[in-house]
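# Chain and residue survey
Here's the letter readout for the chains.
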Amino acid sequence: MNKKTQIAGSDASLNASSKSRAVTRRAVLRGLGASVALPFMPSLHASPRAAEIAMAAALPGLPASHTPPTRLACLFFPNGVDVKNWKAQGSGKNMQLSKTLAPLNDFKENMTVFEGLAHENAKKGDGHYVKTASWLSGEVVRKTRGEDIRAGVSMDQIIAKTVGANDPIQSLVLGVEPTKSRVDTNVGFTTLYGGHVSWSSPVMPSPKEVFPRQAFDRLFSVSLNQRANASILDAVLRDANALRGRIAAKDRQTLDDYLESVREVERRVEAASANAKTTKSGAPVYPKGVKPPEEGLPQDKVDHMNLMMDLMILAFQTNKTRVATFMFGNAVSNMNMNFLDGVKGGHHSISHHGNNQQQVDMYQKINTFHVEMFARMLKRMSDVEEGDGTLLDHSMILYGSGLSDGNRHQSNNLPIILAGGEKIGLNQGRVVSAPKGTPLCALHLALMQQMGVDAKQFGDADRAIGL
Amino acid sequence: MLLFAAAVLSGVLAGGLPGVPGAVARADTGQVLWAEKVQPFLEYYCFDCHDDTLQRGDVDLTQASGPDDLIAGFDLWEKAMVQFRDQQMPPASAEQPPEKERLAAGEAMLAILERYREGEPTDPGPTHVRRLTAEEFRRSVRDLTGIDTDWTKGFPADPAGGEGFTNHASTLYVSPMWMEKLLVVGNRIASHASITPSTGIRFYDAPVGERTDSQYLKAMKAHVAVVRGRILEGLGVYEDDADAFPRYALALWRNKQAAALGKGVSPKVLAQEQGLDPDLLKKASRFIDQSRDKDATGLLRILRSMPRPGKTEAAAQAADEQAQQAVKQAGQYIRDNRQALKAIFAAPSVKRKNTAAGVTDEGRRYVLMLRDSELKRRVPGAFKELEHALNDVKMASSPSRGALIGQARDHLFAFAEKAYRRPINAGERRQLVRYLDDAWDEFGAFEMAMRQTIKRVIVSPNFLFRIEEASVAKKGGAGGEPVPVSPNDLAIRLSYFLWSSLPDQALRDRAASGRLHDEQALVEEVRRMLQAPQAEALGSLFFSQWLGYQQLFEHPGLDESIYPEADDTLKEAMFAQASAYVLDLIRRDGSLLELIDSEHTFVNQDLASLYGIEGIQGDAMQRIDCDRSRGGILGWGATHWTTAMPDRTSPVKRGAWVLETILGTPPPPPPANVSQLEEENANDQNLTVRERLEVHRDNPNCAACHSRIDPIGFAMDGFDALGRQRTMDELNRPIDDVGQSVDGQKMHGVNGLKDNVKTQKALFIRHAVRQTLGYALGRAVGYYDQPTIRQIEEKLAEDNYKVSTLFVEVSKSLPFRYRRPENAATARNKPLDQGPLKESS
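Residues numbered from 1 in each chain as written. Chains lettered and ligands numbered in written order. Predicted model: local features only at pLDDT ≥ 70, side-chain atom pairs only at ≥ 80, totals over all residues. Heavy atoms only, no water.

### Focus on the overall build of chain A
Looking only at helices and strands, chain A has twelve helices and 15 strands in total. Surface exposure of chain A reaches about 16,700 Å², of which carbon and sulfur atoms provide 49%. (Helix = DSSP H or I, 4+ residues; strand = E, 2+ residues; numbered from the N terminus. Areas by Shrake-Rupley, 256 points an atom, 1.4 Å probe, with all protein chains shown as cover.)

### Things to note about the interface of chain B and chain A
The interface is formed by 83 residues belonging to chain B together with 76 residues belonging to chain A. Of the roughly 6,500 Å² buried between chain B and chain A, counting both surfaces, carbon and sulfur atoms make up 52%. Inspection of the region where chain B meets chain A yields six salt bridges. Salt-bridge contacts for Lys 181 of chain B lead to Glu 209 of chain A; the nearest nitrogen and oxygen are separated by 2.4 Å. Linking chain B with chain A are 23 residue pairs in polar contact (both at pLDDT 80 or more), by the criterion used here. Ranked by residue count, the leading element in the side of chain B that touches chain A is helix α7 (residues 176–190) of chain B, at eight residues. A class-by-class count of the residues in the side of chain B that touches chain A yields 34 nonpolar, 26 polar and 23 charged. (Contact = heavy atoms within 4.5 Å. Buried area = accessible area lost by both parts, 1.4 Å probe. Salt bridge = Lys/Arg side-chain N within 4 Å of Asp/Glu carboxyl O. Polar contact = N/O pair within 3.5 Å; in protein donor to acceptor, adjacent residues only side chain to side chain. Nonpolar A, V, L, I, M, F, W, Y, C, P; charged D, E, K, R; others polar.)

### A few points about unusual backbone geometry
With a phi close to 65°, Asn 355 of chain A is a non-glycine residue in the positive phi region. Structurally, Asn 355 of chain A is set in the loop between α10 (347–351) and α11 (357–382). We note that Ser 500 of chain B has phi near 55°; this positive angle belongs to a residue other than glycine. You can call Ser 500 of chain B buried: its relative accessible area is 0%. (Buried < 20%, exposed > 50% of the residue type's maximum accessible area, 1.4 Å probe, protein only.)

### Side note on the confidence of the model for chain A
In low-pLDDT regions, the fine details of the predicted coordinates are not to be read closely. The share of residues in chain A with pLDDT of 70 or more is 81%, and the mean pLDDT across the chain is 82. Predicted confidence for residues 1–64 of chain A stays below pLDDT 50, and this span has 136 contacts to residues more than four positions away or in other chains. (pLDDT = per-residue confidence, 0-100.)

### Observations concerning the side chain of Ser 500 of chain B
Here Ser 500 of chain B is to be found in the loop between α24 (487–498) and α25 (505–512). Contacts of Ser 500 of chain B, omitting those with residues within four sequence positions, involve Glu 135, Glu 136, Arg 139, Ser 140, Ser 495, Ala 537, Leu 541 and Tyr 775 of chain B.

### Quick word on the pattern of salt bridges
A full pass over the atoms with the stated rule returns 55 salt bridges over all chains. The shortest N-O distance in the salt bridge between Arg 244 of chain A and Asp 256 of chain A comes to 2.7 Å. Residue Arg 244 of chain A is found in helix α7 (residues 227–244), and its partner Asp 256 of chain A is found in helix α8 (residues 252–274); the two are separated by twelve residues along the sequence. Among the residues examined, Asp 256 of chain A registers a relative accessible area of 23% and is labelled partly exposed. A single salt-bridge network, built from bridges that share partners, covers Glu 135, Arg 139, Arg 142, Asp 143 and Glu 536 of chain B.

### Quick look at the sheet that holds strand β5 (residues 172–175) of chain A
Residue and element names in this part refer to chain A. Strand order in this open sheet of seven strands is β5-β10-β1-β13-β14-β4-β15, and the pairing throughout is mixed. A strand with exactly one partner marks an edge of an open sheet, and here the two such strands are β5 and β15 (430–433). Neighbour-to-neighbour, the strand axes of the sheet open up by a mean angle of 15°, direction not taken into account. Where strand β1 (residues 71–76) and strand β13 (residues 395–400) come together, six bridges link them in parallel fashion. Opposite Phe 76, over in β13, you have Gly 400 as the bridge partner. The sheet contacts of α11 involve β1, β13 and β14 (416–420), and relative to β13 the element is tilted by about 175°. (Pairing = 2+ DSSP bridges. Axes fitted to C-alpha atoms, helices over the stretch in contact; angles between N-to-C directions.)

Here it is in structure tokens:
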């Protein structure tokens, strides 16, 4: 079949046929690890119990218990969506998905499509940066070229600091595009905002990792286990404390960040030393069957995204962390999307399609592509058996953007989907039409509570949405 | 209207005469101007859109409630006035003020701002503690260890802030992830170190490996042999052919002047030309570059003192003659040393003594060499090293911990002082020694303990952060007076400004002499630093971020089916082209206007073949004379690549780029619901980009900005996305590269654009000063910097816009040399009460 026509099918109405799940040729080729460098652990096909035993034996990490922990991944895509083709109605098996959402056909019973959620605080400011930096924080993003950055603490980082405090890694913050080092003088914002959805403090982003190998090494490397680091960290803590007294109050924050980072690494060194697995020569021991990815940035963007998403799964599967975020691109990303059939040009330029039908079609194809990537991740997670279900059943995957209609920079009625979590009691298979003005933060609050954070209020929400 | 426009620019050029008794009545204070002319006008014509609720275009003009607020919001108001001057605001769709009223309000606002600009700088603005950027870390480690490697590859990108540079203090974070990566890098750096108690810490290009004490001893003994070998190699290499000495010297000189000659001259090529042994020449070249032996410095000094190739023919000839002289001298030097040493090493008496004493030849010879005063005189550096090496063997053979630490500690202190960029105190010394001692316990070997201590220094906040002596700032500034930074801190500011790295020995010495605040000494130092190799950082960091060629590496990528040549190698070449261009400008001390317009550029073979230029070989960038349209920024490949869409050129992006990057007047963002190529005709594929934009401009809302942006882009249409000149566009239509500027002037192609930009050179220069100042200070430029900027603009105009003047004047400026006093929370001054207004022309 000519898959070009399949994708470009002109029918924009709801499409319930599971056969027409639109997938590009290249995504198919790469699907399920065909060319991805991270083969999965053998436990994939073993019985849950055997898998846990294998895991506990091979890996430092959380103690393997019979109740897997609840995990949360938040996947962000930039530049909004073609809203006409982002629609769902009905429930469960009978849910009808529009063209862009069609790749999720196999997961209709494992997800909820939210309608009507909005970020009041992101309406002012510029078209992209504030809508990215505040996606998980819900706070007002301060307009600045770099002085006095402020975007609020994101909910994933609140979770990381409370329930994840004793995990080997508090949270995994991943992306594919390095944060842009610029000031966007047209709008008066530093592009720093556009590179971060995770904020570890109101004034400091949690940097994202874009190199697959570096992310992998953080999960499995023993470089931190060396006893040597403990004494160094002690010594430089003393240095920093000595300096702290010498400098002006306004500059202390800089050194405090340093101090806090040193303490956090100290904590990790201790944790890692306690259950480090190395060979006699000191080489790290990886989970069976898992090889580290290549150094550097993958040339192929689809490979790159797949790898980073696989790393999230691997981190969850091996109990390295329970919170992760991933950005398909930075705010205003103009990623060259010509690897998709029928698409020519940069993502952001295409998103401002001006209702030119050809451009709108390309925009929609890009939206579909990201949904395919999301669906692939769900598929892989549902293939990992865990406890009384699958990894997906014990995880919540938030998928969405800070913009609805990218052409018009709208931040009402945000495109938001929550998948997974069947074994933690989520009521999935729904389309939830939230009353007008319902804050996205109400969903964030609900997710925080699910993860075990004792919070009554978050951002502009003082009530959690029912999950 | 013209009057007003001229007045806006006259502020840049006229030269401030603060305190000149004004022809304007005393009563015309800023407060009165504000209340009578400005406030009512804004309220009537502007607040409908630009109030705190609507904030059209993200602009809220109601924030200002008096003239002081106008000054505090200098940037915003300066921009607003340009819009106003060009009659872009209020927009055509809104009620237009009568011309007389518009002029009066404009002049009043201008008078308030200009009077502030015309004043003397009084407030140095804030100074923040900041972390080294990744690039500064790399260069600092290079100057600390001699190893230049991309240590911070894989670190999270340093975000930019302020004027758009990564060295902006408040966006340089430290996160746990960053810290983890730093620890790994610290290990890697330390693993390159080899430590001997007497000569100290040496870094090698390859990791040295962990050595137990006995392995260490073996290595030290081997070192003695190596030192001797080096003495022989360094001095004995030429002994076979006495006539070859001057030719070797000449070849070495040309080899070392590769940059100035504009083309790479490899030892291999030179050896062939001069009939020399290529391996020997290569060895000698490397020896001179890398050896820290003092015995190489004599030769190096002579080679360095040789003149660079001149530009004009006469200068070149004079230079050649000088060079010949110097070459002779160098040849003689080599010859002399060779003879002296040959005599010493080969003396039959030495041999006899060796055998007589019943000791091995080797051992006896060393001892004899140590006693030889002639050797000591001839090759003092190598002699000393040999002395040290023998001493180390002795030390390491009977390693008493106390003795070894006693020997090593001074090297450690010197290393820490260089890294921390300041003297270290007794407490810090004690701590380092204690740390070394503890690490020895932990690792059981001296060298590993030393490496661990090196790593500890590199991970220390004393190395990673630039922290100035606040105690100095506390003194003096009781009355809110700016406080000079300490000489040492000034040296550090200079070295990170011009080199993005540590101060070198000469700069440290100058600081230690206490004369760095002396204007003459400061200027000399800046000029020296601009000529030093480390000034490459200005090309690869400062200009690259200002002029945007850094963006090559952030560009989302050109469509490979349309631009198959557009690979990473080409990107690197375009970056190198731009870097070479600005560095050449700095070294020659040319005019800043050469950035806009010139008849030369730099290319290597790849770029030359891309642009259809013949006769260029090799990867090195070479200066060529070229057509005017190829000269300067607008002819760089980088400019066209970074402003291109993946599949085509974009007149809008190009136009906006010129307005932002060259003129410093970025257009506001387009309204959200408008695409760059818009609407009714958007589906008509037969229209060219230009035709579609013309339709677009029929809409008055779009026209306000696009009448400025698009014509510039049109004028650049003769270049494709890679900067190749073209006659047909992507749709295979003939290029029309004529743009009509706002004032009705036609710009024919890129040369017409250059002429147009040069008529606005005041804006360009103002932007250049602002960028340089922001980069130098690592912070955003504030209203308090406006008088400084004005002063530097004036100096540049007096000085034909010489590049060195820009760097010298920024280095001399108040914000660069002073700090705000600690106790002045907000050192905001009240400029409006200083005196009568100047008459605005």
